[in-house]
Amino acid sequence: MIDVVTGRARAAKNAVARVSVAPMLVRVGIFVIVFAGFALAFPAEVLSGRPLLFLSAAALLPAFGPRRIWATFTALVTVGGWLLATDGYGRPVALWRLLAVAALLYLGHTLCALAALLPYDAVVDPELITRWLLRAAAVLLGSAVLGVLLLQAAGMGGDSGYQWVTLLGLVVAVGTAGLLGWLLRRR
């Protein structure tokens, strides 16, 4: 029994000693981006005391388990915070905040995808991470420009917002994720 515990402790020590900088920086980036998404989405009244501690712990989850459900969980928590702020606390929907939260959700998701590919002890060329982030920035810029142009073309810009559209988008996103998961398991 002691030999098993000693062997596991030695294996954990060796694993920690082999951790490289680039995968850890990606995971730190996940934490920072997810936490920034929480800070933008949730009302300021909620971001103090115990809820701040829980949100910090929730932001750590996808950083340590990017291959698991934690990225989806934190995205749902962010959307829940947005709904709480707009419905529960009456915060008006501002386009800049909406675009920033959407950008942070996407960045958190894409960094989780990158972290899922990188083992903790991977030696990574910094150009790989730079190209990954540049592609993400191009997607974000294109999405933001297209979204603002479509809002202006539809005449829906400004203070008008529809809660049912947000909920429908959330249902479609969760349904799509569920369908993709089911299709992957079916293979």
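Conventions adopted
- Residues numbered from 1 in each chain as written.
- Predicted model: local features only at pLDDT ≥ 70, side-chain atom pairs only at ≥ 80, totals over all residues.
- Heavy atoms only, no water.
- Helix = DSSP H or I, 4+ residues; strand = E, 2+ residues; numbered from the N terminus.
- Buried < 20%, exposed > 50% of the residue type's maximum accessible area, 1.4 Å probe, protein only.
- Contact = heavy atoms within 4.5 Å.
- Areas by Shrake-Rupley, 256 points an atom, 1.4 Å probe, with all protein chains shown as cover.
- Lys, Arg positive; Asp, Glu negative; His and termini not counted.
- Charge placed at Lys NZ, Arg CZ, Asp CG, Glu CD.
- Expected span 1.5 Å × (residues − 1).
- Axes fitted to C-alpha atoms, helices over the stretch in contact; angles between N-to-C directions.
- Parallel < 35°, antiparallel > 145°, perpendicular 65-115°, else oblique.
- Nonpolar A, V, L, I, M, F, W, Y, C, P; charged D, E, K, R; others polar.
- Polar contact = N/O pair within 3.5 Å; in protein donor to acceptor, adjacent residues only side chain to side chain.
- Phe/Tyr/Trp six-rings, centres within 6.5 Å; stacked < 30°, edge-to-face > 60°.
- Left-handed = near helix turned anticlockwise from the far one by under 90°.

Peer 1: What's the story with the overall build of the protein in this structure? I'm lost.
Peer 2: Each helix and strand counted, the protein has 7 helices and 0 strands in total. For the protein, the sequential pattern of α-helices and β-strands runs α-α-α-α-α-α-α. Every one of the 187 residues in the protein was classed for burial, and the buried ones make up 27%. When contacts within the protein are restricted to residue pairs at least 6 apart in sequence, long-range pairs at least 24 apart make up 73% of them. By element, 71% of the accessible surface of the protein is carried by carbon and sulfur atoms, the whole surface being about 12300 Å². Averaging the locations of the 15 positively and 7 negatively charged side chains of the protein gives two centres separated by 10 Å.

Peer 1: Quick question: what am I supposed to make of helix 4 (residues 70-88) here?
Peer 2: For an α-helix, 3.6 residues make a turn, and residues three or four places apart therefore share a direction. Under the 1.5 Å per step criterion, the end-to-end length of helix 4 is 25 Å for 19 residues, consistent within 8% with the ideal 27 Å. For helix 4, the full list of buried residues reads Thr-74, Val-77, Thr-78, Val-79, Gly-81, Trp-82, Leu-83, Ala-85 and Thr-86. Looking one or two residues past helix 4, Gly-90 carries a phi angle of roughly 65 degrees, positive in sign.

Peer 1: Is there a simple way to think about the packing of helix 4 against helix 5 (residues 95-117) in this case?
Peer 2: Geometrically, a packed helix pair is captured by the angle between its two axes and the distance between the axes. Between helix 4 and helix 5, the least distance of the axes is 10 Å, while the angle of their chain directions is 170 degrees. Here helix 4 lies roughly antiparallel to helix 5, going by the angle between them. On helix 5, the residues touching Ala-71, Ala-75, Thr-78, Val-79 and Trp-82 of helix 4 are Arg-97, Leu-98, Val-101, Leu-105 and Cys-112. Class assignment for the residues of the contact of helix 4 with helix 5 results in 8 nonpolar, 1 polar and 1 charged.

Peer 1: Honestly, the side chain of Ser-20 in this entry has me stumped. Any pointers?
Peer 2: As for its position among the elements, Ser-20 is in the loop between helix 1 (2-17) and helix 2 (21-41). The buried category is assigned to Ser-20, whose relative accessible area is 17%. Separated by 2.4 Å, the side chain of Ser-20 and the backbone oxygen of Ala-122 make a polar contact. Those residues in contact with Ser-20, other than ones at most four positions away along the chain, are Tyr-120, Asp-121, Ala-122 and Val-123.

Peer 1: Please explain the packing of aromatic side chains as it appears in this structure.
Peer 2: Two descriptors summarise a pair of aromatic rings, namely the distance from one centre to the other and the angle between the planes of the rings. Inspection of the entire model under this criterion finds 3 aromatic pairs. An angle of 20 degrees between the planes, with centres 6.0 Å apart, marks the rings of Phe-31 and Phe-35 as stacked. One end of the pair, Phe-31, and the other, Phe-35, are both in helix 2, 4 residues apart, so they sit about a helical turn from each other. Taking the centre distance of 5.8 Å and the plane angle of 85 degrees together, the rings of Trp-70 and Phe-73 count as edge-to-face. Of this pair, Trp-70 and Phe-73 both sit in helix 4, 3 residues apart, roughly one helical turn.

Peer 1: I keep staring at the packing of helix 3 (residues 50-64) against helix 4 and nothing clicks. Help me out?
Peer 2: Relative orientation of the contacting elements helix 3 and helix 4 amounts to 145 degrees, with a least axis distance of 7 Å. For helix 3 against helix 4, the interelement crossing comes out left-handed. Contacts from Leu-55, Ala-58, Leu-61 and Pro-62 in helix 3 reach Trp-70, Ala-71, Phe-73, Thr-74 and Val-77 in helix 4. Its residues assigned to classes, the contact of helix 3 with helix 4 shows 8 nonpolar, 1 polar and no charged.

Peer 1: Explain the environment of Trp-164 here, please?
Peer 2: Note that Trp-164 resides in helix 7 (residues 163-186). Between the C-alpha atoms of Trp-164 and Ala-17, which are 147 residues apart in sequence, the distance is 50 Å.

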